[in-house]
Amino acid sequence: MKGSVKWQSPSNIALVKYWGKKGFQIPSNASLSFTLSNCHTTTELRWSKNENTDVSVYLDNVLNEGFKPKVTKFFDHVSELYPVLKTFKFDIYTSNTFPHSSGIASSASGMSALALCTCSLLESIGKLDKPFFEEASNLARIGSGSASRSVFGGLVEWGEHPKFDSSSDKHASPFTEAHPVFHNYQDTILLVHEGQKSVSSTVGHGLLDSHPFSEQRFKVAQENMAKLKDILIQGDLASFTELIESEALMLHGLMMTSNPSFILMLPNTLAIIQKIQTFRKQNDCHIAFTLDAGANVHMLYPEKDIDKAQKLIDTELAALCANGKYICDNVGKGPEQLEC
Ligand code: 2P0
């Protein structure tokens, strides 16, 4: 008994950030993200019956021991929900469209692709008795919290919140009420730093457990979710800019005020932020920034501002990027199953 399945799944960028956990892979506050399009992972899961679980991971067709612990841990946890998985050998072939060392988090796209493959396997052997994408999001969350949101396209919410009806800590849900201006939002990722970041997100989340501002942060994040919902419905781009920039700076403020503290921004991160804010004031547009857990800047803007954004990149921002590199992306439709 053997088979294979293949999924392509995108990365995502959070607008309200997930930063802090209560218990195992349960977020301390709700979060909301744009699913991307061009930045994605493709994963093929080849499975065969075995005495016990055995996992090999191949990145770009080369055996990669570095990924094995995280993937093994994923299957250990998921096997508690689906014990049948303990009787399989897995060969996982994965590749990313974005450069491996670009500093773009691959855990969201990677873990969601793996979770989707796992759900396809469970479905094919008659062991999946829950809605497919909801359960894929639940399994992706177990692998990496932000991955739960990559299972759906467009705007995606994860974490319990009174203003989001179908919200859950266990799985994400698509947010479908947004104004059309957000349907094709642009994200240019300005690569300030290529390579591994100094502190992992998992460690960063853990530091919130003893953070002096954590309770206030979780409260503000829930309030920002409520505000963002209205902003998205109304298409209020000025308020959108204000909220997402505040969320990005708060995330990095939390890092800087953790114990031990850490700084993931680099001098050019700040230089880019200031250029974006100055350009926006002088050029009647809605070009805004957000940050992930790293030094790179995500420049978010509506379709109508594409020409202005390109001018800003060409004249000011590309020079501040590592080797002049940036990635043009936009809101995407979500994962896609591929032929093996
Ligand atoms: C987010 N980040 O909402 C936030 C904002 C980074 C900055 O979720 O420990 O890789 O695997 O659940 O999901 C990154 O943390 O952490 C993250 P784990 P994850 O996208």
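Residues numbered from 1 in each chain as written. Predicted model: local features only at pLDDT ≥ 70, side-chain atom pairs only at ≥ 80, totals over all residues. Heavy atoms only, no water.

Q: Describe the nonpolar core, and please don't skip the residues or the numbers.
A: If you look at soluble globular proteins, the nonpolar side chains tend to sit buried side by side. The biggest cluster of nonpolar side chains holds 36 residues, and the ones touching the most others in it are Leu45, Phe75, Phe90 and Leu139. Breaking this core down by element, the ones donating at least two residues are β1 (2-16), β2 (31-49), β3 (54-59), α1 (68-81), β5 (88-96), α2 (107-124), α3 (132-143) and β6 (155-158). Broken down by element, this core gets its largest block of residues, 8 residues, from α2. Excluding residues that lie within four positions of it along the chain, Phe75 makes contacts with Leu45, Thr53, Val55, Phe90, Ile92, Leu114 and Thr118. In terms of nonpolar packing, the next biggest core, distinct from the first, is built from 31 residues, Ala30, Ala221, Leu243 and Val331 among them. (Core = buried A, V, L, I, M, F, W, Y, C linked by side-chain atoms within 4.5 Å. Buried < 20%, exposed > 50% of the residue type's maximum accessible area, 1.4 Å probe, protein only. Helix = DSSP H or I, 4+ residues; strand = E, 2+ residues; numbered from the N terminus. Contact = heavy atoms within 4.5 Å.)

Q: Account for α1, with residues named and values stated.
A: Here α1 contains 14 residues, and its C-alpha end-to-end distance of 20 Å stays within 8% of the 20 Å for a straight helix at 1.5 Å per residue. Restricting attention to buried positions, one finds in α1 the residues Val71, Phe74, Phe75, Val78 and Ser79. One face of α1 carries all of its buried residues, which in axial projection span an arc of 130 degrees. Exposed residues lying more than 90 degrees from the buried face of α1 are Pro69, Lys73 and Glu80. In this structure, the buried residues of α1 make contact with β2, β3, β5, α2 and α3. (Expected span 1.5 Å × (residues − 1). Arc of directions from axis to C-beta.)

Q: How would you summarise the packing of aromatic side chains if you had to cite specific residues and measurements?
A: Summed over all chains, the structure comprises 16 aromatic pairs. Consider the rings of Trp47 and Phe88, whose centres lie 5.6 Å apart with planes at 90 degrees: the pair is edge-to-face. Placement of Trp47 in strand β2 and of Phe88 in strand β5 is noted, with a sequence separation of 41 residues between them. One aromatic cluster is present, built from ring pairs that chain together Trp47, Phe74, Phe75, Phe88 and Phe90. When the ring centre of Tyr93 is taken as reference, the NZ or CZ atom of Arg46 above it lies at 4.0 Å. Here Lys229 stacks its cationic end above the ring of Phe164, 5.5 Å away from the centre of that ring. (Phe/Tyr/Trp six-rings, centres within 6.5 Å; stacked < 30°, edge-to-face > 60°. Lys NZ or Arg CZ within 6 Å of the ring centre and 35° of its normal.)

Q: Any chance you could break down the pattern of salt bridges for me, citing the residues and the numbers?
A: Under the criterion given, the structure shown has 10 salt bridges. For the salt bridge of Arg46 with Glu44, the shortest nitrogen-to-oxygen distance reads 3.2 Å. A relative accessible area of 38% places Arg46 in the partly exposed class. We classify Glu44 as buried; its relative accessible area is 11%. (Salt bridge = Lys/Arg side-chain N within 4 Å of Asp/Glu carboxyl O.)

Q: Any chance you could break down the pairing of β6 for me, citing the residues and the numbers?
A: Of the two faces of β6, the one carrying Leu155 and Glu157 and the one carrying Val156 and Trp158 are both buried. Here β2 runs beside β6; their pairing, made up of 4 bridges, is antiparallel. When the bridges of β6 are listed, Phe34 appears paired with Leu155. (Pairing = 2+ DSSP bridges.)

Q: Please provide a residue-by-residue account of the site of the ligand, values included.
A: Around the ligand, the surrounding shell holds 17 residues, and the nearest of these are Lys21, Ser144, Gly145, Ser146 and Arg149. For the ligand, an oxygen atom lies 3.4 Å from a polar atom in the side chain of Ser107. Considering the ligand on its own, with 470 Å² of exposed area, one finds that the protein chains cover 95% of that surface. Tallying contributions element by element places helix α4 (residues 201-207) first for the shell around the ligand, with 3 residues. Of the residues belonging to the shell around the ligand, the class tally is 5 nonpolar, 8 polar and 4 charged. There are two domains that each give the shell around the ligand at least three residues, and those are domain 1 (2-178) and domain 2 (185-330). (Near = heavy atom within 4 Å. Polar contact = N/O pair within 3.5 Å; in protein donor to acceptor, adjacent residues only side chain to side chain. Areas by Shrake-Rupley, 256 points an atom, 1.4 Å probe, with all protein chains shown as cover. Nonpolar A, V, L, I, M, F, W, Y, C, P; charged D, E, K, R; others polar. Domains from an automatic or database assignment.)

Q: Can you break down the packing of helix α7 (residues 267-282) against helix α8 (residues 306-317) residue by residue, with the values?
A: The geometry of α7 relative to α8 is characterised by a closest axis approach of 11 Å and an angle of 135 degrees between their N-to-C directions. One finds that α7 runs oblique with respect to α8. Regarding α7 and α8, the two cross each other, and that crossing is right-handed. Counted together, Ile272, Lys275, Ile276 and Phe279 of α7 and Lys308, Leu312, Glu316 and Leu317 of α8 form the full contact between these two elements. Across the contact of α7 with α8, the residue classes break down as 5 nonpolar, no polar and 3 charged. (Axes fitted to C-alpha atoms, helices over the stretch in contact; angles between N-to-C directions. Parallel < 35°, antiparallel > 145°, perpendicular 65-115°, else oblique. Left-handed = near helix turned anticlockwise from the far one by under 90°.)

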